[in-house]
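# Fold and geometry: a report
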Amino acid sequence: AQSVAQPEDQVNVAEGNPLTVKCTYSVSGNPYLFWYVQYPNRGLQFLLKYITGDNLVKGSYGFEAEFNKSQTSFHLKKPSALVSDSALYFCAVRDIGSNYQLIWGAGTKLIIKP
Amino acid sequence: ETGVTQSPTHLIKTRGQQVTLRCSSQSGHNTVSWYQQALGQGPQFIFQYYREEENGRGNFPPRFSGLQFPNYSSELNVNALELDDSALYLCASSLGGDYNSPLHFGNGTRLTVT
């Protein structure tokens, strides 16, 4: 069965420092991977996706993610964190065995301190 | 383009009552999916509609039902409300058949069952 794990409930980073939010996955076949961000009392916003091609994917708001097939990881990164990046981040993978539904991680709360 | 809109934004119901939540999909999108997000958790897939037919369902009881209309808007109906149904209900639209296509979410309906 497809699954997604976000091993950290919370990540704390000082403003201006690089940030990483971790995600590992388990799929059969090629993965379709996504990152979304959720601000308080809002829906989820799409950040970026990996389908095929370059392992480094660039997305919205200066975020990027690195796909690593051997480690089955898809970590979200940003070179220099902003206080406004503080939010809840979700990793998701398409479940090709269930009509391509998205399987979601539990989320990681990112806190950027000034 | 018009984004995904959900109504109402907040709702308070009593245990045992019924509720209908509404969603207008983004223009050009023919697929709508519904998610339940409990506080501090990731989204849980309820079901998906493609061209007015349900084509995927998560692990939710039959008292959760839905509809999709010819204009691709959608409703989520929940009968016999239980206290555990209190959550943020998210609607997302996408272009069916395009598995690269990210989901576009509304801001959700916050349902409180007392």
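Here goes a summary of the coordinates provided.

The next subject is the state of the cysteines. The final tally for this structure, using the stated rule, is two disulfides over all chains. For Cys-23 of chain A, the disulfide goes to Cys-91 of chain A, at an S-S distance of 2.0 Å. Taking the sign of the torsion about the S-S bond as the criterion, the disulfide between Cys-23 of chain A and Cys-91 of chain A, at about -65 degrees, is left-handed. Residue Cys-23 of chain A is found in the loop between β3 (19–21) and β4 (24–26), and its partner Cys-91 of chain A is found in strand β10 (residues 87–95); the two are separated by 68 residues along the sequence. Residue classification places Cys-23 of chain A among the buried positions, given a relative accessible area of 0%. A residue is classified by how much of its surface remains accessible, and Cys-91 of chain A, at 0% relative accessible area, is buried. The side chain of Cys-23 of chain B participates in a disulfide bridge whose partner is Cys-91 of chain B; the two sulfur atoms lie 1.8 Å from each other. On the S-S bond that ties Cys-23 of chain B to Cys-91 of chain B, the torsion sits near -60 degrees, and the link is left-handed. Of this pair, Cys-23 of chain B sits in strand β3 (residues 19–24) while Cys-91 of chain B sits in strand β9 (residues 87–94), and the two are 68 residues apart along the sequence.

The two faces of the sheet receive side chains in turn, since in a regular strand these alternate between them. All names here are of chain A. With respect to burial, β10 is a largely interior element, eight of its nine residues being buried. Alignment of strand β5 (residues 33–38) against β10, held across six bridges, turns out to be antiparallel. Residue pairing in the sheet places Trp-35 in a bridge with Cys-91 of β10. Taken together, the three bridges between β10 and strand β12 (residues 108–113) define a ladder with antiparallel strand orientation. Considered in β12, the bridge of Tyr-89 is made with Thr-108. One ladder, built from four bridges, connects β10 with strand β11 (residues 101–104); its direction is antiparallel.

What follows concerns the pairing of β3 of chain B. Bridge analysis of strand β1 (residues 5–7) of chain B against β3 of chain B gives three bridges, and the strand direction is antiparallel. Opposite Thr-5 of chain B, over in β3 of chain B, you have Ser-24 of chain B as the bridge partner.

On to the layout of surface pockets. When its volume is computed, the largest pocket comes out at roughly 430 Å³. Lining of the largest pocket is provided by 21 residues; of these, Gln-38, Pro-40 and Leu-88 of chain A together with Gln-37 and Gly-40 of chain B occupy positions nearest its centre. Elements with a contribution of two residues or more to the lining of the largest pocket: β10 and β12 of chain A. At three residues, β12 of chain A tops the list of elements feeding residues into the lining of the largest pocket. Taken together, the residues that form the lining of the largest pocket break down as 10 nonpolar, seven polar and four charged.

In this section: the interface of chain B and chain A. At the interface, 21 residues of chain B touch 20 residues of chain A. Regarding the contact of chain B and chain A, the summed buried area is about 1700 Å², with carbon and sulfur atoms giving 51% of it. For the pair chain B and chain A, the number of links is five residue pairs in polar contact (both at pLDDT 80 or more). Where the side of chain B that touches chain A is concerned, the elements lending two or more residues are β4 (31–37), β5 (44–50), β6 (53–57) and β9 of chain B. Here the residues of the side of chain B that touches chain A sort into nine nonpolar, 10 polar and two charged.

What counts, and where the lines are drawn
- Residues numbered from 1 in each chain as written.
- Chains lettered and ligands numbered in written order.
- Predicted model: local features only at pLDDT ≥ 70, side-chain atom pairs only at ≥ 80, totals over all residues.
- Heavy atoms only, no water.
- Disulfide = S-S within 2.5 Å.
- Helix = DSSP H or I, 4+ residues; strand = E, 2+ residues; numbered from the N terminus.
- Buried < 20%, exposed > 50% of the residue type's maximum accessible area, 1.4 Å probe, protein only.
- Pairing = 2+ DSSP bridges.
- 1 Å grid on protein atoms, 1.4 Å probe; cavity = no way out; pocket = protein on both sides within 12 Å on 5 of 7 lines; lining within 4 Å.
- Points joined across faces, edges and corners; volume = space filled by probe spheres on them.
- Nonpolar A, V, L, I, M, F, W, Y, C, P; charged D, E, K, R; others polar.
- Contact = heavy atoms within 4.5 Å.
- Buried area = accessible area lost by both parts, 1.4 Å probe.
- Polar contact = N/O pair within 3.5 Å; in protein donor to acceptor, adjacent residues only side chain to side chain.

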